[in-house]
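One-letter residues, chain by chain:
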Amino acid sequence: MTNAPIHLGRLLQVAHLTKRYGHLAALSEVSFSIQPGEVLGLIGPNGSGKTTLFECLGGVLPADGGALLVDGRPLTAAELKATVFYLPDLIAPWPSQTVRWALDFVRGYWSVPWGHPRGLAPSLSPGLSLDVVRRLDLEPLLDQRIGALSKGQRKRALLAFGLLTPQPVLLADEPFDGLDLRQTRDVAQTLRYFASQGRTLVLSIHQIGDAARVCDRFVLLSNGRTRGEGTIDELAHLAAPSGATTNNLEEIFLALT
Amino acid sequence: MRSRSAWTWLVAKEWRELLVARAFWVLLFAIGPLVGVTFIGAVRAYAELSGLNGNPTAGVGEAFSPLIGVWAPTFSACELAAAFLLPFVAIRVVSADRQSGALKMELQHPMSSFARISAKALVLIVGWIIASLPPMIAIGLWKSYGGSIYAPELLTVAAGHLLNAALTIGLATAAAGITEHPSTAAIVTLTVTVGTWILNFIAAVQGGVWERAAGYTPTAMVAEFQHGLIRLDVLLVATTLFVTGLAVGAIWTRLGVAVRRRVSESMALGAFAAAIIFAAAFAGASWDTSEARANSFTESDEVALKQIRSPLRIEAHLAAEDPRRLDLERKALSKLRRTLRRVDVTYVAATTTGLFEQTAAHYGEIWYDLDGRRAMSRITTAEGVLETIFDLAGIKAPQELDSEIFRGHPLAVPPKGAAAVFYGIWPALIVAGAFLVFRRPT
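Nothing here was measured: the structure is a model prediction, and the numbers come from that model.

**Thoughts on the overall build of chain B**
Scanning chain B for helices and strands turns up 17 helices and 6 strands. For chain B, the residues scored as buried account for 43% of the 442 residues in total. Taking the intrachain contacts of chain B between residues at least 6 apart in sequence as the baseline, contacts between residues at least 24 apart amount to 79%.

**Observations regarding helix α7 (residues 181–196) of chain A**
All names here are of chain A. For α7, with 16 residues, the first-to-last C-alpha span of 23 Å sits near the 22 Å given by 1.5 Å per residue. Among the residues making up α7, those that are buried are T184, V187, A188, T190, L191 and F194. The buried side chains of α7 occupy one side of the element, clustering within an arc of 165 degrees when seen end-on. Those residues of α7 that are exposed and aimed more than 90 degrees away from the buried face are L181, R182, Q189 and S196. Positive backbone phi, approximately 110 degrees, marks G198, located one or two places after α7.

**Side note on the confidence of the model for chain B**
Averaged over every residue, the pLDDT of chain B is 91; the share at 70 or more is 95%. Interface confidence in the predicted complex, given as ipTM, is 0.90; pTM for the same model is 0.89.

**Thoughts on the sheet that holds strand β5 (residues 366–370) of chain B**
Each strand in a sheet pairs with its neighbour through backbone hydrogen bonds, running either in the same direction (parallel) or in the opposite one (antiparallel). All names here are of chain B. The strand order across the open sheet formed by 4 strands is β4-β3-β5-β6, and the pairing between neighbours is mixed. Each of the sheet's edge strands pairs with one partner strand only, and the pair in question is β4 (343–347) and β6 (373–377). Strand-to-strand twist in this sheet, taken as the mean axis angle between neighbours without regard to direction, amounts to 15 degrees. Across 5 bridges, the pairing between strand β3 (residues 312–316) and β4 is parallel. Bridge pairing links E315 to T346 in β4. Against the sheet, helix α15 (residues 323–339) contacts β3, β4 and β5, and its axis sits at roughly 165 degrees relative to β4. On top of the sheet, helix α16 (residues 382–393) reaches β3, β5 and β6; it is set at about 160 degrees to β6, its chief contact.

**Some words on unusual backbone geometry**
Residue and element names in this part refer to chain A. Even without glycine at this site, E29 takes up a positive phi of about 50 degrees. Position of E29 relative to the elements: it lies in strand β2 (residues 24–34). Using a count of 14 C-beta atoms within 10 Å as the deciding quantity, one classes E29 as partly exposed. For N223, which is not glycine, the phi torsion reads 50 degrees and is therefore positive. One can find N223 in the loop between β9 (217–222) and β10 (225–230).

**Structural notes on the packing of helix α4 (residues 86–100) of chain B against helix α6 (residues 113–131) of chain B**
All names here are of chain B. Packing of α4 against α6 brings their axes to within 10 Å, and their N-to-C directions diverge by 150 degrees. At the point where α4 passes α6, the crossing takes the right-handed sense. Two secondary-structure elements touch here, α4 through L86, V89, A90, V93 and V94 and α6 through K120, V123, L124, G127 and W128. Here the contact of α4 with α6 is composed, by residue class, of 8 nonpolar, 1 polar and 1 charged.

**What about the nonpolar core?**
Membership of the largest hydrophobic core comes to 170 residues, with the highest contact counts inside it found for A:I43, A:A160, A:L171, B:A81 and B:V89. Ranked by residue count, the leading element in this core is helix α2 (residues 22–49) of chain B, at 15 residues. Ignoring anything within four residues of it in the chain, the contact list for B:A81 reads B:L27, B:A30, B:I31, B:L34, B:L86 and B:A131. By size, the runner-up hydrophobic cluster in this structure holds 20 residues, among which are B:L305, B:I308, B:I314 and B:I389.

**Side note on the interface of chain B and chain A**
Facing 24 residues of chain B, the contacting portion of chain A comprises 33 residues. Mapped onto the side of chain B that touches chain A, the elements with two or more residues apiece are α1 (6–19) and α5 (102–106) of chain B. Looking at the side of chain B that touches chain A, the element that brings in the most residues is α1(B), giving 5 residues. For the side of chain B that touches chain A, the per-class residue count stands at 13 nonpolar, 6 polar and 5 charged.

**Comments concerning the sheet that holds strand β5 (residues 73–74) of chain A**
The antiparallel open sheet is built from 4 strands, whose spatial order is β2-β1-β4-β5 (chain A). Of all the strands in the sheet, just β2 and β5 of chain A have a single pairing partner and so form its edges.

**Topic: the domain arrangement of chain B**
All names here are of chain B. Partitioning chain B into domains gives domain 1 (6–288 + 408–439) and domain 2 (299–404). With 5 residues of domain 1 at the interface, the matching set in domain 2 holds 5 residues. Tallying contributions element by element places helix α9 (residues 182–206) first for the side of domain 1 that touches domain 2, with 3 residues.

Cut-offs applied
- Residues numbered from 1 in each chain as written.
- Chains lettered and ligands numbered in written order.
- Predicted model: local features only at pLDDT ≥ 70, side-chain atom pairs only at ≥ 80, totals over all residues.
- Helix = DSSP H or I, 4+ residues; strand = E, 2+ residues; numbered from the N terminus.
- Buried ≥ 20, exposed ≤ 12 C-beta atoms within 10 Å, placed from the backbone.
- Contact = placed C-beta atoms within 7 Å.
- Expected span 1.5 Å × (residues − 1).
- Arc of directions from axis to C-beta.
- pLDDT = per-residue confidence, 0-100.
- Pairing = 2+ DSSP bridges.
- Axes fitted to C-alpha atoms, helices over the stretch in contact; angles between N-to-C directions.
- Left-handed = near helix turned anticlockwise from the far one by under 90°.
- Nonpolar A, V, L, I, M, F, W, Y, C, P; charged D, E, K, R; others polar.
- Core = buried A, V, L, I, M, F, W, Y, C linked by C-beta atoms within 7 Å.
- Domains from an automatic or database assignment.

Below, the structure is given as structure tokens:
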């Protein structure tokens with residue numbers, strides 16, 4: 001069994017992912033693909049199963065069925081850990097520690113555990129920390145305790161932690177939640193920048209406007225089921241029989257869900 | 001890039017988390033006065049019995065051992081801290097990641113869950129060693145008073161309390177791993193601790209298998225170490241329980257694994273640990289590190305006893321709660337088991353107290369059977385038991401040598417300066433340390 005990350009340039013497929021809580025189906029046979037280097041938006045209203053889906057993919061919640069596939073075969077647990085990093089929403093990790101220390105810890109803790117596969121080395125360079133800090137405007141917060149940060153500040157710090165991890169695929173749960181308009185725009189630019197550097201980003205977003213601004217493709221999720229997948233044009237085509245007449249993502253979403 | 005391993009990073013993180021745990025500072029703050037109370041009381045009693053403020057030729061202190069007179073009570077403060085303060089520190093360190101959500105991030109590292117938990121355990125043990133500084137200070141004070149120190153017995157006492165702390169850490173880790181919330185983990189941990197006390201009580205009343213099981217409770221284990229006795233079976237059982245506790249904690253902090261699988265893994269682990277504990281119970285080796293040979297017969301008695309090759313069977317008609325049975329066990333049989341390879345002791349009693357059995361025909365009799373020869377005695381002292389056995393074995397009882405008699409180390413000195421150290425300087429240092437840690441952001 002290898003624990004090397006699946007290299008960028010290969011298609012990942014979420015296949016028939018299912019999760020039940022007793023009789024309640026949180027996820028029902030959810031399937032979609034993740035293309036290398038893209039920013040994929042997972043769109044759905046609150047309670048649609050976005051977080052459950054991410055937690056299953058991130059390996060922090062056991063799925064009842066389905067898998068993440070590469071070349072048609074499921075990733076092993078070790079491959080999954082080396083390939084995908086899940087950044088949860090609504091957490092305040094290491095609240096008594098400073099942002100500076102936490103950034104250092106994340107970089108050190110996740111450094112080189114599985115070698116330096118191509119495409120990961122830039123993520124591990126010390127310069128990346130400075131880049132992330134600068135792009136997310138974290139300099140004034142470096143010596144503040146994480147537990148003392150505001151919601152938006154904490155969200156930016158969390159994103160920095162996620163961006164410092166070496167896995168090629170980053171799943172970020174609600175990356176714009178708690179951010180004001182300007183911060184949302186800046187974070188969106190930052191995420192696009194890292195995607196342009198080769199990182200594959202899957203973002204769970206319930207604000208459709210935010211998603212349209214940053215994502216290349218979309219997966220629409222409602223009641224734990226995939227309702228559509230593709231670019232806006234592809235989704236508009238898919239939604240046309242349901243009455244959607246424009247390329248407006250909100251209309252498309254309403255038509256398909 | 002720094003070359004520290006991920007585990008080293010984790011240890012550094014756990015250390016920082018320990019330092020910002022208020023429970024840890026409460027432990028540090030409280031243990032100073034706790035040790036102070038016990039140490040000052042013990043030194044005063046020791047001094048009085050050694051002749052302070054009285055007749056210095058009374059000779060009461062002649063057989064006084066600092067191990068029993070000073071160190072056992074002084075270190076008992078550590079037992080209290082391990083039972084009531086340390087669990088909260090351990091639960092804080094283990095549960096904090098789950099509460100803050102950091103666990104979801106850290107779990108995505110390929111490091112094994114047991115390695116993660118072992119980093120926490122290591123830091124907690126280092127934390128406990130720091131919390132054990134007051135007893136170390138007490139040792140320094142005792143030395144400054146001119147007191148005698150016998151390093152092997154002191155190290156044994158300290159090791160016993162370290163092992164006890166490790167057991168608490170193992171238990172708290174398991175509880176914090178299984179339960180969702182720290183308060184539930186605290187309740188579970190304290191329930192188990194109280195449960196072991198109940199087991200000790202039942203053992204005292206019922207005897208038999210309960211007594212055997214109670215021998216491995218933290219209280220019983222610490223008591224033996226405090227008397228300078230190291231038993232291999234106790235060491236193995238305690239180590240197994242500690243590692244099992246950590247492993248259970250590791251199993252239950254793997255959030256991405258189905259609960260059913262975690263349950264089955266825990267059950268398999270429990271069965272494996274039970275098998276090791278069962279096997280360890282047969283390990284008979286033990287070492288008496290006390291200067292007074294408190295757990296052994298005299299060397300000449302041991303040499304004489306080792307001439308006996310046949311199994312010795314003892315049938316004592318004494319109830320579990322009869323004080324004579326306790327005397328017999330502590331003063332004679334426990335030493336006999338350490339010396340003779342094959343000793344089979346059976347207690348016969350119809351009641352637990354023996355109160356209404358006193359008039360029964362054979363109550364109070366202790367029967368010895370060696371190679372078919374039988375003898376009866378009612379004496380429960382070491383000398384009486386040995387005399388009966390030597391008679392039965394046809395061995396001449398050795399003469400007691402003057403050099404073999406432990407004369408003790410009387411010390412008629414009051415605990416000067418101890419109150420200032422434990423009630424003043426130590427708490428002040430801890431408050432200052434906590435202030436510095438919580439004031440600085442890094």
